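Architecture and fold: a report
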Amino acid sequence: MALVTLSQPLFPAGDIVMTQGVSDLIQRGALNPSPYLQRHLAGDWGDLCDEDRHTNDAALKHDDRLFSSYQVTPALKLWIITEWNRSVTTLLLPDEY
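Residues numbered from 1 in each chain as written. Predicted model: local features only at pLDDT ≥ 70, side-chain atom pairs only at ≥ 80, totals over all residues. Heavy atoms only, no water.

With respect to the sheet that holds strand β1 (residues 15–18)
Read from one edge to the other, the open sheet built from four strands follows the order β1-β4-β3-β2, with strand pairing classed as mixed. Two strands lie at the open edges of the sheet, namely β1 and β2 (66–73), each paired on one side alone. Geometrically, the sheet is characterised by an average inter-axis angle of 15° between neighbouring strands, direction not taken into account. Taken together, the four bridges between strand β3 (residues 76–82) and strand β4 (residues 88–92) define a ladder with antiparallel strand orientation. Paired with I81 across the bridge in β4 is T90. Helix-sheet contacts for helix α1 (residues 20–27) involve β1, β3 and β4, and the interaxial angle to β1 is about 80°. Contacts from helix α2 (residues 34–41) reach β1, β2, β3 and β4, with the element oriented near 145° to β2. (Pairing = 2+ DSSP bridges. Helix = DSSP H or I, 4+ residues; strand = E, 2+ residues; numbered from the N terminus. Axes fitted to C-alpha atoms, helices over the stretch in contact; angles between N-to-C directions. Contact = heavy atoms within 4.5 Å.)

Following this line, the structure appears as structure tokens:
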């Protein structure tokens, strides 16, 4: 089951997977990851410094890893990482990295 459907993402997500921590939050109703995944696939890297944003922009052109960070609540941050070969996109919590 797909978390999100986009008509034209900037890059392929590959398989979308999540860590146990993200899964637990979704099951408890504490997190809906779909809007953050949509943002990631659209090139909105979230709460990154300018240098990291530029790194992601270059990674789009040179097939490198893509990283986004979203402050969901004051106490909850979600990271999304798409591998360099676009085979897998992982949703994770920072302490699960």
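Let's talk about the environment of L60
Among the secondary structure elements, L60 is positioned in helix α3 (residues 50–62). Here the alpha-carbon distance between L60 and L10, two residues 50 residues apart in the chain, equals 8.2 Å.

Some thoughts on the pairing of β3
Within β3, six of the seven residues are buried, which leaves the element mostly enclosed by the surrounding structure. Summarising the sheet, β2 and β3 pair through seven bridges and their orientation is antiparallel. The residue bridging T73 from the neighbouring strand is L76, located in β3. Remark: two residues form the turn of the hairpin made by β2 and β3, two consecutive strands paired antiparallel. Between β3 and β4, which pair antiparallel and follow one another directly, the connecting turn spans five residues, one of which, R86, has a positive phi of 60°. (Buried < 20%, exposed > 50% of the residue type's maximum accessible area, 1.4 Å probe, protein only.)

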